[in-house]
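Geometric and topological summary
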Amino acid sequence: NTPQVITEWTNLCDLLHKWCGLGSINGCLLAVGGGTMLNPITTILGFSPITNTWKTVGELPEPRCDCTTVLLPTGELLVMGGWDGPLSYTNKVWRAANIIV
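Scope of this entry: the structure provided in the associated data block.

Thresholds, definitions, all that
- Residues numbered from 1 in each chain as written.
- Predicted model: local features only at pLDDT ≥ 70, side-chain atom pairs only at ≥ 80, totals over all residues.
- Heavy atoms only, no water.
- Pairing = 2+ DSSP bridges.
- Helix = DSSP H or I, 4+ residues; strand = E, 2+ residues; numbered from the N terminus.
- Axes fitted to C-alpha atoms, helices over the stretch in contact; angles between N-to-C directions.
- Buried < 20%, exposed > 50% of the residue type's maximum accessible area, 1.4 Å probe, protein only.

Across a sheet, paired strands are connected by hydrogen bonds in the backbone, their directions being either parallel or antiparallel. Reading across the sheet, the 3 strands line up as β5-β6-β9 and stay open at both edges, with antiparallel pairing between neighbours. The strands lining the two open edges of the sheet, one partner per strand, are β5 (68-71) and β9 (93-96). Taking the axes of each pair of neighbouring strands and ignoring which way they run, one obtains an average angle of 20° across the sheet. The sheet contact formed by β5 and strand β6 (residues 77-80) spans 4 bridges and is antiparallel. Bridge pairing in β6 links T68 to M80.

Here it is as structure tokens:
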């Protein structure tokens, strides 16, 4: 079995925020937090490839950039680590349920 080699890329969309955590749910892309280490943000955006649009779908309880996200089989989104303020890294893990995109 020869592995498939990706030979062509297509630009899907541009991210609205730098340094965000990425995930997906129900066929949509989630961009969680972002901003900069000095000015992290709380916004959670959802991107629909069908309508080719971004919309705000939620807010984090605290600002976060450069975080990691995992979507659990239960539909819960975990947001882990990241910068939460001026040069301050956090090890908190947040859990969100009932995400509708």
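From this point on, the discussion continues.
What follows concerns unusual backbone geometry. In this model, W19 sits at a positive phi of 60°, which is unusual for a non-glycine residue. Mapped onto the elements, W19 comes out in the segment before β1 (21-25). Looking at W19, the relative accessible area reads 45%, which means it is partly exposed. If you check the backbone angles, N52 has positive phi at about 60° while not being a glycine. Tracing the backbone shows N52 in the loop between β3 (41-48) and β4 (53-64).

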